[in-house]
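Geometric and topological summary
Each chain is listed here by its residues.
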Amino acid sequence: MWYSIIGTDAKGSLPARLAARPQHLARLEALRDAGRLKIAGPFPAIDSPDPGPAGFTGSLIVAEFDSLAEAKAWADADPYLATGVYASVDVRPFKLVLP
């Protein structure tokens with residue numbers, strides 16, 4: 001089943017986000033390579049694809065897991081959570097309708 005993982009960034013977390021990004025992306029690439037990643041990306045803090053020092057307000061990941069518990073465990077192990085980039089993470093079942 002698909003699950004949405006929404007991480008909400010802590011204020012002032014851009015330096016930590018940039019430092020942890022390689023580890024964060026490696027985990028996403030592993031999901032992609034296993035055919036389990038539908039979409040992933042950050043929410044810019046301003047209306048721009050490159051927000052510069054304004055940074056980001058969070059991220060959205062939609063990925064396939066065997067259960068909600070597995071999706072939560074995967075999200076709990078994210079480097080962005082461990083390093084304080086994310087102030088909170090919400091994991092929910094997601095029903096893909098389109099495309």
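First, a word on what this report is: a plain description of the structure on this page. (Residues numbered from 1 in each chain as written. Predicted model: local features only at pLDDT ≥ 70, side-chain atom pairs only at ≥ 80, totals over all residues. Heavy atoms only, no water.)

Description of the overall build of the protein
Cut-off, in case you're wondering: The way it works is that DSSP assigns letters per residue, a run of H or I at least four long becomes a helix, a run of E at least two long becomes a strand, and they are numbered from the N terminus. A 1.4 Å probe rolled over the protein chains alone gives each residue an accessible area, and that area as a share of the maximum for its type sets the label: buried under 20%, exposed over 50%, partly exposed in between. The contact rule is simple, with two residues in contact once any of their heavy atoms fall within 4.5 Å. Per-residue and other accessible areas were derived by the Shrake-Rupley procedure at a 1.4 Å probe size, with only the shown protein chains allowed to occlude residues.
Per the secondary structure count, the protein includes three helices and four strands. Tracing the protein from N to C terminus, the helices and strands come up as β-α-β-β-α-α-β. Overall, the C-alpha framework of the protein stretches about 35 × 30 × 25 Å when taken along its three principal axes. Expressed as a percentage of its 99 residues, the buried residues of the protein come to 31%. Summarising the internal contacts of the protein: among those between residues at least 6 apart in sequence, 75% fall at separations of at least 24. Of the accessible surface of the protein, which amounts to about 5900 Å², a share of 59% is contributed by carbon and sulfur atoms.

With respect to the sheet that holds strand β1 (residues 2–9)
What counts is decided by this rule: Only strands joined by at least two bridges in the DSSP assignment are considered to pair. The angle between two axes is taken between their N-to-C directions and runs from 0 to 180 degrees, where each axis is a line fitted to C-alpha atoms and a helix contributes only its stretch in contact.
Strands sit in the order β2-β3-β1-β4 across an open sheet of four strands; the sheet is antiparallel. Of all strands in the sheet, those with a lone pairing partner are β2 (37–44) and β4 (86–94), marking the two edges. When the angles between neighbouring strand axes are averaged without regard to direction, this sheet yields 10 degrees. Of the strand pairs in this sheet, β1 and β4 are connected by eight bridges, and their pairing is antiparallel. For G7, the partnering residue across the bridge sits in β4 and is V89. Across the sheet, helix α1 (residues 14–33) touches β1, β2, β3 (56–64) and β4, and the angle it forms with β3 is around 10 degrees. Packing against the sheet, helix α2 (residues 68–76) makes contact with β1, β3 and β4, and its axis sits at approximately 155 degrees to β4.

Considering the layout of surface pockets
For clarity, the cut-off: Grid points spaced at 1 Å and placed over the protein atoms alone form the basis of the search, with a cavity being a set where a 1.4 Å probe fits but cannot get out and a pocket an open set showing protein on both sides within 12 Å along at least five of seven lines. Lining residues have an atom within 4 Å of a point. Grid points are joined across faces, edges and corners, and a volume is the space filled by probe spheres set on the points. When residues are sorted by character, Ala, Val, Leu, Ile, Met, Phe, Trp, Tyr, Cys and Pro go into the nonpolar class, Asp, Glu, Lys and Arg into the charged class, and all the rest, Gly among them, into the polar class.
One number sums up the size of the largest pocket: a volume of about 220 Å³. As for the largest pocket, its lining consists of 16 residues, of which R17, R21, L25, P42 and Y80 are closest to the centre. At the level of secondary structure, the elements contributing two or more residues to the lining of the largest pocket comprise α1, β2 and β3. For the lining of the largest pocket, the element with the most residues is α1, which contributes seven residues. Looking at the lining of the largest pocket residue by residue, the classes come out as eleven nonpolar, three polar and two charged. If you add up the space inside the second largest pocket, you get close to 180 Å³. Those elements that provide at least two residues to the lining of the second largest pocket are α1 and β3.

A word on α1
Cut-off, in case you're wondering: By this rule, a helix spans an expected 1.5 Å times one less than how many residues it contains. The reported bend at a residue is simply the angle between two axes, fitted to the 7 residues ending at it and to the 7 residues beginning with it.
With 20 residues, α1 extends 27 Å between its outermost C-alpha atoms, agreeing within 8% with the 28 Å of an ideal straight helix rising 1.5 Å per residue. The principal kink in α1, of about 55 degrees, is found at A20, preceding the proline P22 by one to four residues. Listing the buried residues of α1 in full gives L14, R17, A20, H24, R27, L28 and L31. Along its buried surface, α1 packs onto β1, β2, β3, α2, α3 (79–82) and β4. Among the residues trailing α1, G35 stands out with phi positive, at a value near 75 degrees.

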